[in-house]
Amino acid sequence: MDYPPYLSTMPMHAITEVYGEDGLRERYRLEIQRFAAPERQRLVDALDVATSLHRDDRRVREPYINHLLRVAIRVMHHYEVSDVDVITAAVLHDAVEDHPDELAGVPGAGAESALAALAARFGARTAHLVAAVTNPVYDPAADRDEQYRRHVRQSLEREPWARVLKVSDFTDNGVGVIHTTGPKVARSAAKYRPLVPVLRELVARPDTPLSRLVKQHIFGQLDLAEERFAAILDPVV
């Protein structure tokens, strides 16, 4: 397919709506051209692994890989990150949580085995970052969303670079909530809304490794997410 020369400036959900997965893959290819050949190949390999692991996964109306592509592209383009460990972790941030046995190559494998396999393939730092944004096994007797939010805060307190991954993931889920349909819209808004002030405070910290302008961009996205959550959860009567 021929893509317009302005593909590299299009909003990612616009690319998704107009060109689908193929358009996002092309945008990813354009973003990684700036890297040296070995680093570029590593990012290609990460996407290949994510594609294989998530090949049957979907997010309501689209292949799950679209979400992973948008998270990684946002980290590179909007957050101006050139750290290949971080970008690789962005592509693979749901791999351990969703497909630990396939990643480890062992039926019934747990997160530790999956992280070990990830470290062997892409390095210990990438695996460490993925671990920081991987949800633990929750207590079925307690509120799942509250456990999720507590885990996010505790994990990101310790890991400044993991904040970069999580805020991109949150932006795709939160700002992108209006691209979801059905009951998941309200469920997602209720789950993510309490995280807005948490992420705002964490991003603002001096040790969060992003520039002032990037942080301002993220604050704007958090404001937009809050506006959309309010429209969903606090409708005007």
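Quick note: structure is the one above.
For every chain, the first residue of its written sequence is number 1, and the numbers climb from 1 along that sequence. Predicted model: local features are reported for residues with pLDDT of at least 70 only, side-chain atom pairs are reported and counted for 80 or more only, and whole-chain, interface and lining totals are derived from all residues. Hydrogen atoms and water are omitted, and side-chain values are computed over all heavy atoms in the structure.

*Asks:* Outline the overall build of the protein chain, listing residues and values.
*Replies:* Helix numbers and strand numbers start at the N terminus; a helix is a DSSP run of H or I with at least 4 residues, a strand a run of E with at least 2. In terms of regular secondary structure, the protein chain is built from 13 helices and 2 strands. Here the globule rule is a power law, 2.2 Å times the number of residues to the power 0.38, and the radius of gyration is based on C-alpha atoms. Rg of the C-alpha trace for the protein chain: 17 Å, near the compact-globule value of 18 Å for 237 residues, within the 12% margin. The dimensions of the protein chain, computed from C-alpha atoms along their principal axes, are 55 × 45 × 40 Å. For the protein chain, long-range pairs separated by at least 24 residues make up 65% of all intrachain contacts whose partners lie at least 6 apart in sequence. Residue exposure ignores everything except the shown protein chains as possible cover, and the areas themselves are Shrake-Rupley values with a 1.4 Å probe. On the protein chain, roughly 11,200 Å² of surface is accessible, and the fraction owed to carbon and sulfur atoms is 53%. A residue counts as positive if it is Lys or Arg and as negative if it is Asp or Glu; His and the chain ends are not included. Charge positions are represented by NZ for Lys, CZ for Arg, CG for Asp and CD for Glu. Measuring between centres, the 30 positive side-chain charges of the protein chain sit 3 Å from its 35 negative side-chain charges. For this analysis, residues touch if any pair of their heavy atoms sits within 4.5 Å.

*Asks:* So what's going on with the packing of helix α2 (residues 37–53) against helix α4 (residues 84–91)? Residues and values would help.
*Replies:* The N-to-C vectors of α2 and α4 enclose an angle of 15°; their axes lie 9 Å apart at closest approach. The orientation of α2 relative to α4 falls into the category roughly parallel. In this structure, the crossing between α2 and α4 has a hand that is right-handed. Here E39, R42, L43, A46, L47 and A50 of α2 come into contact with α4, specifically with V84, D85, I87, T88 and V91. Throughout, the ten residues Ala, Val, Leu, Ile, Met, Phe, Trp, Tyr, Cys and Pro are labelled nonpolar, Asp, Glu, Lys and Arg are labelled charged, and all others, Gly among them, are labelled polar. A breakdown of the residues in the contact of α2 with α4 according to their chemical character gives 7 nonpolar, 1 polar and 3 charged. Lines fitted to C-alpha atoms define the axes here, with helix axes fitted over just the stretch in contact, and angles between the N-to-C directions of these axes take values from 0 to 180 degrees. Angular relationships are summarised with four words: roughly parallel below 35 degrees, roughly antiparallel beyond 145, roughly perpendicular across 65 to 115, and oblique for the angles in between. Handedness of a helix crossing follows the sense of rotation of the near helix relative to the far helix, less than a right angle counterclockwise being left-handed and clockwise being right-handed.

*Asks:* Run through helix α9 (residues 144–158), naming residues and quoting values.
*Replies:* The span one expects for a helix is its residue count, reduced by one, times 1.5 Å. Relative to the 21 Å expected for 15 residues at 1.5 Å per residue, α9 spans 22 Å between its end C-alpha atoms, a close match to the ideal helical length. For α9, the set of buried residues is Q147, Y148, R149, H151, V152, S155 and L156. Definition of a polar contact: a pair of N or O atoms within 3.5 Å, with one able to donate and the other able to accept a hydrogen when the atoms are protein atoms, and with sequence-neighbouring residues admitted only if both atoms are side-chain atoms. Between the side-chain oxygen of the N-cap and the backbone nitrogen of D145 there are 3.2 Å, and the N-cap of α9 in question is D143. Relative accessible area decides the class of each residue, using a 1.4 Å probe on protein chains only: under 20% of the type maximum gives buried, over 50% gives exposed, and in between gives partly exposed.

*Asks:* Help me get a handle on the nonpolar core, residues and values and all.
*Replies:* Each nonpolar core is a collection of buried residues, namely Ala, Val, Leu, Ile, Met, Phe, Trp, Tyr and Cys, held together in the definition by side-chain atoms within 4.5 Å. Of all hydrophobic cores here, the largest spans 70 residues; its most connected members are Y28, Y79, L92 and F170. Among the elements that take part in this core, helix α3 (residues 64–77) stands out by supplying 9 residues, more than any other. If we ignore the near neighbours within four places in the chain, the residues touching L92 are A46, V49, A50, L118, F122 and V130.

*Asks:* For the packing of aromatic side chains, give the residues involved together with the corresponding values.
*Replies:* Put simply, two rings from Phe, Tyr or Trp (the six-membered ring, in Trp's case) pair if the centres are within 6.5 Å, and we call them stacked under 30 degrees between planes, edge-to-face over 60, tilted for the rest. The final tally for this structure, using the stated rule, is 4 aromatic pairs. On the basis of an interplanar angle of 90° and a centroid distance of 5.9 Å, the ring pair of F170 and Y192 is categorised as edge-to-face. Pair noted here: F170 is in helix α10 (residues 160–174) and Y192 is in helix α11 (residues 184–192), with a separation of 22 residues, a long-range link. Summarising the burial analysis for this pair, F170 and Y192 share the class buried. Ring centres of F170 and F229 lie 6.2 Å apart, and the angle between their planes is 80°; this geometry places the pair in the edge-to-face category.

*Asks:* Give me the layout of surface pockets: which residues, what numbers.
*Replies:* Of the two site types, the cavity is a set of points on a 1 Å grid over the protein atoms alone where a 1.4 Å probe fits but cannot get out, and the pocket is an open set with protein on both sides within 12 Å along at least five of seven lines, each lined by residues with an atom within 4 Å of a point. Grid points are joined across faces, edges and corners, and a volume is the space filled by probe spheres set on the points. Reported here for the largest pocket is a volume of approximately 840 Å³. Surrounding the largest pocket, 36 residues form its lining, D94, E97, D98, N135 and K191 being those nearest its centre. Among the elements of the structure, β1 (58–59), α3, α5 (95–98), α7 (111–122), α9, α10 and α11 are those that each provide at least two residues to the lining of the largest pocket. Taken together, the residues of the lining of the largest pocket sort by class into 13 nonpolar, 9 polar and 14 charged. Quantified by volume, the second largest pocket comes out at close to 280 Å³. Lining the second largest pocket are 18 residues, with P11, M12, H13, R74 and Q221 positioned closest to its centre.

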